[in-house]
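What follows is the residue order along each chain.
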Amino acid sequence: QVQLVESGGGLVQAGGSLRLSCVASGSTRSINLSGWYRQTPGKQRELVALISSGGSTNYVDSVKGRFTISRDNAKNTVYLQMNSLKPEDTAVYYCYAEGTTALFQQYNSWGQGTQVTVSS
């Protein structure tokens, strides 16, 4: 199967920046769609940003103009550059990917999550 490993979370002051990375490994032939979600205690996981294999992007309104999602297909890696961070961005951020394995099976995978904490 396909495993996703996130990195780059941490503690930052409001107005600061962080860059999250997510590397896909395992039996992946293609990654058709990848993205980032976030979750805070007691709330549902919400979409932050998505990027297609062709580079089309989609963002939740609250992060537009501040966050940028990108991907490096050669490295099977997706990034989330987060600028002008706000305390309300504090959450556990999860990487997501869906695509096709080497055996032409469809998959969708989640990372283990990385904590982002923005202090005021």
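Cut-offs and rules
Residues numbered from 1 in each chain as written. Predicted model: local features only at pLDDT ≥ 70, side-chain atom pairs only at ≥ 80, totals over all residues. Heavy atoms only, no water. Helix = DSSP H or I, 4+ residues; strand = E, 2+ residues; numbered from the N terminus. Buried < 20%, exposed > 50% of the residue type's maximum accessible area, 1.4 Å probe, protein only. Contact = heavy atoms within 4.5 Å. Disulfide = S-S within 2.5 Å.

Overview of the environment of Glu98
Mapped onto the fold, Glu98 is located in strand β9 (residues 91-101). On the accessibility criterion, Glu98 (29% relative accessible area) is partly exposed. Measuring from C-alpha to C-alpha, the distance between Glu98 and Ser109 comes to 6.3 Å, with 11 residues separating the pair along the chain. For Glu98, the residues in contact, after removing those within four places along its chain, are Ile31, Asn32, Leu33, Tyr107 and Asn108.

A closer look at the state of the cysteines
Per the stated rule, a full pass over the model turns up one disulfide. Two residues share a disulfide in this structure: Cys22 and Cys95, whose sulfurs sit 2.0 Å from each other. Its torsion about the S-S bond being -85 degrees, the disulfide of Cys22 and Cys95 is classed as left-handed. Of this pair, Cys22 sits in strand β3 (residues 18-26) while Cys95 sits in strand β9; the two residues are 73 residues apart in sequence, bridging distant segments of the chain. When its relative accessible area of 0% is taken as the criterion, Cys95 is described as buried.

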